[in-house]
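Spelled out, the chains give:
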Amino acid sequence: MFLPMTFTLFTFLPEAFSKCKKLIFYVLITSPSYFFLYASGRRSGWIGFIIAITVFVFLKARKKYIALLVPLSVILIFICVSIYNPTFRCSYQSIMKADRWKIWNVALKITKHNLILGHGILSYGPAGKKYNLAIPCPECRLGVENSAHNIYLEFLVDTGILGLSLFLSLIT
């Protein structure tokens, strides 16, 4: 959410700033955001960023560039998705066989042990180990999957029904 706002920052800097000063200020402010977007390796972040750029250019661009904007955006999104997922598996069968279903099932089983208050913040992995429900993950910090890969289930495991209810009341 922060990155699209920093992208537009250059246009909102004071007129008194020279172009060089604007550029230096812009690079200093936005560099961490671009670094974290790249380092996250998340397709959804890149897709959101490309959509934000598209909307910004659409609102600011001259009419002669708008005809190029939509096809260019579609191409960029396709490239972004294929770079981070070269197999580009989006079939119903592949989604139904995905490991996330197993992870979500484990999250629901963990939740049963402490339904009202949850297990504590960042407790998916440790709670999974405690109840012998953990999904092995050699590259993960604890040697097991340490996230429910779903913000609602993560809140449910971490804070129970009370925390999830509070979270849902805040976002609606």
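Criteria and thresholds
- Residues numbered from 1 in each chain as written.
- Predicted model: local features only at pLDDT ≥ 70, side-chain atom pairs only at ≥ 80, totals over all residues.
- Heavy atoms only, no water.
- Phe/Tyr/Trp six-rings, centres within 6.5 Å; stacked < 30°, edge-to-face > 60°.
- Buried < 20%, exposed > 50% of the residue type's maximum accessible area, 1.4 Å probe, protein only.
- Core = buried A, V, L, I, M, F, W, Y, C linked by side-chain atoms within 4.5 Å.
- Helix = DSSP H or I, 4+ residues; strand = E, 2+ residues; numbered from the N terminus.
- Contact = heavy atoms within 4.5 Å.
- pLDDT = per-residue confidence, 0-100.

Novice: Give me the lowdown on the packing of aromatic side chains, citing residues and values where you can.
Specialist: Considering all chains together, one arrives at three aromatic pairs under this definition. Ring geometry for Tyr152 against Phe167: centres 6.2 Å apart, planes inclined by 55°, an arrangement best described as tilted. Relative to Phe167, the ring of Phe155 has its centre 4.0 Å away and its plane inclined at 10°; by these criteria the two rings are stacked. Exposure remark for Phe167: the relative accessible area of 15% places this residue in the buried category.

Novice: Provide a residue-level description of the nonpolar core, including the pertinent values.
Specialist: One finds Ile103, Val106, Ala107, Ile110, Tyr124, Ala127, Ala148, Leu153, Leu156, Val157, Leu164 and Phe167 forming the largest nonpolar core, which totals twelve residues. Mapped onto this core, the elements with two or more residues apiece are helix H6 (99-113), helix H7 (124-130) and helix H8 (151-171). When near neighbours in sequence (up to four residues on either side) are disregarded, Ala148 contacts Ile103, Trp104, Ala107, Tyr124, Leu153 and Glu154.

Novice: Kindly report on the confidence of the model for the protein, identifying the contributing residues and their values.
Specialist: Detailed conclusions should not be drawn from predicted coordinates in areas where pLDDT is low. Residue-level pLDDT values for the protein average 75, and 65% of them are 70 or greater. Mean pLDDT across the elements of the protein ranges from a minimum in helix H5 (residues 92-96), with 55, to a maximum in H8, with 91.

Novice: Explain unusual backbone geometry to me, and be specific about the residues and the numbers.
Specialist: If you check the backbone angles, Asn132 has positive phi at about 55° while not being a glycine. Residue position: Asn132 is located in the loop between H7 and H8. Look at Asn132 and you get exposed, because its relative accessible area is 70%. For His149, which is not glycine, the phi torsion reads 55° and is therefore positive. Along the polypeptide, His149 turns up in the loop between H7 and H8. Given the relative accessible area of 31%, His149 is considered partly exposed.

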